[in-house]
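# What the coordinates show
Spelled out from the first residue to the last, the chains are:
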Amino acid sequence: MAKAYERIQPGRQVFLNYIGGEWVESVSGRTFENRSPADRDDVLGVFQSSNAEDVNRAVEAAREAFRTWRLVPAPRRAEILFRAAQLLVERKEAFARDMTREMGKILKESRGDVQEAIDISFYAAGEGRRMFGHTTPAELPDKFALSVRMPLGVCALITPWNFPMAIPSWKLLPALVCGNTVVLKPATDTPLSVYNLVRTFEEAGVPKGVINLVTGGGREVGEALLGHPGTSLVSFTGSCEVGKHIASVCAPLYKKHSLEMGGKNVIMVMDDANVDLAVDGAVWGGFGTTGQRCTAASRVVVHRKVLREFTDRFVARARGLKVGTGQDESVEMGPLINESQRDSVLGYIEIGQREGARLLTGGHRLDKGEYARGWYLEPTVFGDVDPGMRIAQEEIFGPVVAVIPCDSLEHAIEIGNGVVYGLSSAIYTQDINKAFVAMRDMYTGIFYVNASTIGAEVHLPFGGTKDTGNGHREAGQAMLDVFSEWKAVYVDYSGKLQRAQIDLPRT
Ligand code: UN1
């Protein structure tokens, strides 16, 4: 029997919430439209504008499902996840096309986003047969000691629009393999990609109530999830402002919360660098995903000896980038996600000029002809940027790069570390000694040598220091620490009272 995943109303497709294994409308009776950032007349569908009552129902369903899901052996849970991964492989192209329409990133990158979801699915599923704890000798005779991971319960996953399928997967997969159930709230700009993900996991055989999807705004849905007594963890990726709010709600409740926030990432180009390679890295890091990555290289610190050469080539490349709809395979940079994001980036461009940075290329919105219906902006480069300027300190989340001169490796490292964020950094140099010094001294969660600041792989820890996060990492082995609690287990088979630290048996 065909399931009612969506309702078709005249002229529009209505997408539903997924609660307790049923596709349902919000009790609010309200919906919102999902429009393409490349063409605001292109409506992808209508989604549920959910409220606190929908959240209650979803948390209740997830709590109920947790009672049985936590007892399913992890290798069995993993079999379902492997199946989902295979389905994602089959659907990669279709999901990538939906994502480009929905989020605006170019097709090549959307395929990469779905691929990242596939990678983490296989990787996390593999944990079903690992999830290692420790066995270790006990200090007393006839006593056995080990540690095991246990699930937390219901995890609230609040996900961003810039990686519409990859980031939800970084959270969903480890949550499930560890034995948790989830309520997933996608960004209002990109619910379709998360819908595609959830549908796939349903079809792979994830039992009812294990995954619940509630779409809608942060104020209603997100807020209800944070303070809800039924959720044990909030995993969030997004802005520092929202992250701070989440911490302030969760901390007094002693609720575990994992926050992944901003970046002001730096590429350092030394005087011995392969300049062509560095330019390639700066273009990809600065303008890939239209600069809307937490890992974007929004600062390039360049040794004065190669400053002219680097800047000339970099500016020429930025100026030559083909901007347009991501659905056109020849386009290199798509639009920004929405109007307010473009306004915010334009605001920073104004600030940069007021602060006295030199606008080397770009700086304007693109809104004529083929660009008229989307949120387009020119790739923008500032030169002569002082490290203290706001455009060199604050996360812009758009296609704006600040080129900052430096005099030495030490100077570059000082500038590189001189921001409140600590996500990703990179050095271009042919000198292995410089590379190792920078690797040691850059206080960021991710570091690259002769590669750009973007391009993290799923089996390594992802996250950052300082205001980038609150000490957690996603992906890699570290993901298990977010989605499980350790339990230390002691088995005393001596048949008598043995007191640790007190009874010290002699040989
Ligand atoms: C993000 O920008 O929020 O390393 C995630 C990268 C990607 C993930 C980025 N693999 O840029």
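Residues numbered from 1 in each chain as written. Predicted model: local features only at pLDDT ≥ 70, side-chain atom pairs only at ≥ 80, totals over all residues. Heavy atoms only, no water.

### Considerations on empty space enclosed by the protein
Summed over the entire model, instances satisfying the criterion amount to two cavities of 30 Å³ or more. Empty space within the largest cavity amounts to approximately 80 Å³. Lining of the largest cavity is provided by 15 residues; of these, Gly291, Ala296, Ser298, Glu395 and Phe397 occupy positions nearest its centre. Partitioning the lining of the largest cavity into residue classes produces six nonpolar, six polar and three charged. Quantified by volume, the second largest cavity comes out at close to 40 Å³. Every residue along the wall of the second largest cavity is listed here: Lys264, Asn265, Val266, Arg299, Gly416, Tyr421, Gly422, Leu423, Ser424, Met442 and Thr444. (1 Å grid on protein atoms, 1.4 Å probe; cavity = no way out; pocket = protein on both sides within 12 Å on 5 of 7 lines; lining within 4 Å. Points joined across faces, edges and corners; volume = space filled by probe spheres on them. Nonpolar A, V, L, I, M, F, W, Y, C, P; charged D, E, K, R; others polar.)

### Some words on the packing of helix H8 (residues 275-287) against helix H9 (residues 304-320)
At a minimum axis separation of 10 Å, H8 and H9 run at an interaxial angle of 45°. For the element pair H8 / H9, the angle class is oblique. For the pair H8 and H9, the sense of crossing is right-handed. Here H8 contributes Val275, Asp276, Ala278, Val279, Asp280, Ala282, Val283 and Phe287 to the contact with H9, which in turn contributes Val306, Glu309, Phe310, Arg313, Phe314, Arg317 and Ala318. Across the contact of H8 with H9, the residue classes tally to 10 nonpolar, no polar and five charged. (Axes fitted to C-alpha atoms, helices over the stretch in contact; angles between N-to-C directions. Helix = DSSP H or I, 4+ residues; strand = E, 2+ residues; numbered from the N terminus. Parallel < 35°, antiparallel > 145°, perpendicular 65-115°, else oblique. Left-handed = near helix turned anticlockwise from the far one by under 90°. Contact = heavy atoms within 4.5 Å.)

### Thoughts on the packing of aromatic side chains
Counted according to the given criterion, the structure contains 11 aromatic pairs. Aromatic side chains Trp161 and Phe397 sit 5.6 Å apart centroid to centroid with 80° between the ring planes, which places their arrangement in the edge-to-face category. Placement of the pair is Trp161 in the loop between strand E9 (154-158) and helix H4 (166-177) and Phe397 in the loop between helix H11 (390-393) and strand E20 (400-406), with a sequence separation of 236 residues. You can call Trp161 buried: its relative accessible area is 15%. (Phe/Tyr/Trp six-rings, centres within 6.5 Å; stacked < 30°, edge-to-face > 60°. Buried < 20%, exposed > 50% of the residue type's maximum accessible area, 1.4 Å probe, protein only.)

### A short note on the domain arrangement of the chain
By the assigned domains, the chain splits into domain 1 (52-131 + 152-261 + 469-483) and domain 2 (266-449). Computed over C-alpha atoms, the centres of domain 1 and domain 2 are 30 Å apart. Listed as interface residues are 19 residues of domain 1 and, on the opposing side, 21 residues of domain 2. Summed over both partners, the interface of domain 1 with domain 2 buries about 1,600 Å², with 60% contributed by carbon and sulfur atoms. On the domain 1 side of the contact with domain 2, Ile106, Glu109 and Trp161 bury the most area, a combined 30% of that side's loss. For the salt bridge of Arg293 with Glu109, the shortest nitrogen-to-oxygen distance reads 3.9 Å. Connecting domain 1 to domain 2 are five residue pairs in polar contact (both at pLDDT 80 or more). The set of elements that each furnish at least two residues to the side of domain 1 that touches domain 2 consists of helix H2 (74-103) and helix H3 (107-126). Of the residues that constitute the side of domain 1 that touches domain 2, the class distribution is seven nonpolar, three polar and nine charged. (Domains from an automatic or database assignment. Buried area = accessible area lost by both parts, 1.4 Å probe. Salt bridge = Lys/Arg side-chain N within 4 Å of Asp/Glu carboxyl O. Polar contact = N/O pair within 3.5 Å; in protein donor to acceptor, adjacent residues only side chain to side chain.)

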